[in-house]
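Analysis of the macromolecular model
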Amino acid sequence: MSKLRIPQSFKNNYKFIENFSYLSLLQIFNLLVPLITYPYLIRVVGPEMYGTVVFAQSIIGYFSLVIEFGFNISGTKSISENVHDTRKISEVVSSILLLKLILWIICLGVLALCMWMLPVMREHKILYLFAFTFTFNEFLFPQFFFQGIEKLKYVTFINVFTRSIFLVLVFFVIKDQSDYFKIPLLNGLGAFIGGMIALYIVFVKEKIRFVLPSIQIMKTYFLESFTIFSTKLSYNLRDKTVIVLVGILFTKTVVAYYDLAMKLVGLFTSLYQTVPVAVLPRLIKNRNHSFSKLVFRATIFVGVLYSLLIFIFSKQIVLFLGGEELAPAIPYVILLTISATFFAVNTLLNYYLIINSDKNIMLKTTFYSLFLFIALLPILFLKCNLYVLVIIFISSIVFETFYKLYIFNNNQSLRKWIL
């Protein structure tokens, strides 16, 4: 009896295991690329110019957020719920791609206006234009489609291919400090190639038809994603604004310190992202609470373990990646890795809220967290210290996590997802 049960269990979970394996492979590769390129780039272009690139990419990150608009989650949900209805999937894909095109054109116009009006952007206009090319990733790459049909192998193969192009070209194209503006261009080139390959797979291999949706249908998908976008906007107003504030209040070298610390936090959060991305379609369909509880507990355990490891080996890691020039980043690395577990738990709880159709709770908690962050900012202007900014940032994340957990614990329909 037990011999029959194991293969059956494997068969029932095959899609999840397959998708999780592909995404894990992708994340491992994504971890290796910066480990290879970061030490080279920081030494060739220097902390100051590398910080300038990071600052520009942070500004463009706001445009990326607008173009993506939360469609990777709302689109996944729509396709997962209609996975056997090709006509409906064609409608979803076509509507979202057209909405992204409109948002991309608007963002390009806003960028042009900003470069004309703001001296800091006009001075590095080529850098900002090249950085904007990375928005091809949000515009062209239909990740929501691959998530919805649970074929994440395409996401892995395409990303590994395009990141490999970036990896090789970095060592041939970036030769000295004057090449700093080419770094985002290489990223943008990979994003464009990846997007075109992905669209070929969607419309040719998967035989999805492009249909011209009515304005009413497009409005429906736009409004469905608005709450998710509002939540992401709140997160990014906090997360990306920190880098912008660092760039304005301190030097671009300090931006490089902060960026390195956040990259190490991102190692865990990016690895962890494979879990909710892989399980989202499955939980939408079967709402397996036993499985959701297991994922929740594993997230906390792995997050705490990761933070401890970074705390112990922070000095060795920073010196390996950035050399002695980035040694001042060590205290910020230690402080920010505390937030890694809270980042991961927050993300997971947001997915559970979306599945449970409680997006308003997600929006409310995020707004309160953003309000706390803004309310504490005057302390930064009084003290003008990066430690103060990092502590304000971490405090808002910790507050949001515990507030969400409080809501889950006191709501019977939500409590069963985690306890």
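As the structure is a prediction and not an experimental result, all values here were calculated from the model. (Residues numbered from 1 in each chain as written. Predicted model: local features only at pLDDT ≥ 70, side-chain atom pairs only at ≥ 80, totals over all residues. Heavy atoms only, no water.)

**Details of the side chain of T52**
Our working definition: Numbering of helices and strands runs from the N terminus, with a helix taken as a DSSP run of H or I at least four residues long and a strand as a DSSP run of E at least two residues long. As used in this structure description, the phrase polar contact means that two N or O atoms lie within 3.5 Å; if the pair is within protein, one of them must be able to donate a hydrogen and the other to accept it, and residues adjacent in sequence are counted only when both atoms belong to side chains. Should any heavy atoms of two residues lie within 4.5 Å, those residues are considered in contact.
Mapping T52 onto the fold places it in helix α3 (residues 46–68). In this structure the side chain of T52 is engaged in a polar contact, spanning 3.0 Å, whose partner is the backbone oxygen of E48. With residues near it in sequence (within four places) discarded, T52 still touches H124, L127 and K252.

**Focus on unusual backbone geometry**
Only a minority of non-glycine residues have a phi that is not negative, and only a minority of peptide bonds are not trans. What counts here: Burial status follows relative accessibility: with a 1.4 Å probe on protein chains alone, a residue under 20% of its type maximum counts as buried, one over 50% as exposed, and anything between as partly exposed.
Even without being glycine, F69 reaches a positive phi, approximately 55°. Looking at where F69 falls in the secondary structure, it is placed in the loop between α3 and α4 (71–81). In this structure F69 comes out as buried when scored by relative accessible area, which is 3%. In this model, K207 sits at a positive phi of 60°, which is unusual for a non-glycine residue. Overall, the relative accessible area of 62% leaves K207 in the exposed class.

**A short note on the packing of helix α5 (residues 86–117) against helix α7 (residues 125–132)**
The condition is simple: Axis definition: a line fitted to C-alpha atoms, over the contacting stretch in the case of helices. Angles run 0 to 180 degrees between N-to-C directions. Roughly parallel means an angle under 35 degrees; roughly antiparallel means over 145; roughly perpendicular covers 65 to 115; every other angle is labelled oblique. Note on residue categories: nonpolar means Ala, Val, Leu, Ile, Met, Phe, Trp, Tyr, Cys or Pro, charged means Asp, Glu, Lys or Arg, and polar means any other residue, Gly included.
Between α5 and α7, the least distance of the axes is 11 Å, while the angle of their chain directions is 170°. On the basis of their axis angle, the class for α5 and α7 is roughly antiparallel. Residue-level inspection shows W104, C107, L108, L111 and M115 of α5 in contact with α7, the latter providing K125, Y128, L129 and F132. For the contact of α5 with α7, the per-class residue count stands at 8 nonpolar, no polar and 1 charged.

**As for the packing of aromatic side chains**
Heads up, the condition is: The criterion for an aromatic pair is that two Phe, Tyr or Trp rings (for Trp, the six-membered ring) have centres within 6.5 Å, with stacked assigned to planes under 30 degrees apart, edge-to-face to planes over 60 apart and tilted to the rest.
Counted by the stated rule, this structure contains 22 aromatic pairs. Ring plane angle 15° and centroid distance 4.2 Å describe the contact between F69 and F229, whose orientation is recorded as stacked. Placement of the pair is F69 in the loop between α3 and α4 and F229 in helix α12 (residues 215–249), with a sequence separation of 160 residues. With a relative accessible area of 9%, F229 lands in the buried category. Summarising the aromatic geometry, the rings of F399 and Y403 are spaced 5.8 Å apart at their centres and angled 20° between planes, so their arrangement reads as stacked. Of this pair, F399 and Y403 both sit in helix α18 (residues 386–409), 4 residues apart, which is roughly one turn of the helix. Three or more aromatic residues link up through ring pairs in this structure, and these residues are F63, W104, F132, F136, F139 and F192.

**Considering the nonpolar core**
Inclusion rule: Here, nonpolar core means buried Ala, Val, Leu, Ile, Met, Phe, Trp, Tyr and Cys residues that are tied together by side-chain atoms lying within 4.5 Å of each other.
If you look at the biggest cluster of nonpolar residues, it comprises 105 residues, and the most contacted ones within it are V93, Y128, F145 and F146. Here the element with the most residues in this core is α5; it accounts for 12 residues. The residues contacting V93, other than those within four sequence positions of it, are I79, F144, F145, V202, F203 and I208.

**A few points about the environment of T231**
Mapped onto the fold, T231 is located in helix α12. Residue T231 is classed as buried on the basis of its relative accessible area, which comes to 2%. The sequence separation of T231 and T366 amounts to 135 residues, and the corresponding C-alpha distance is 6.1 Å. If we skip the residues at most four places from it in the chain, T231 touches M362, L363 and T366.

So, to be careful, I would describe these as geometric facts and stop short of saying anything about function.
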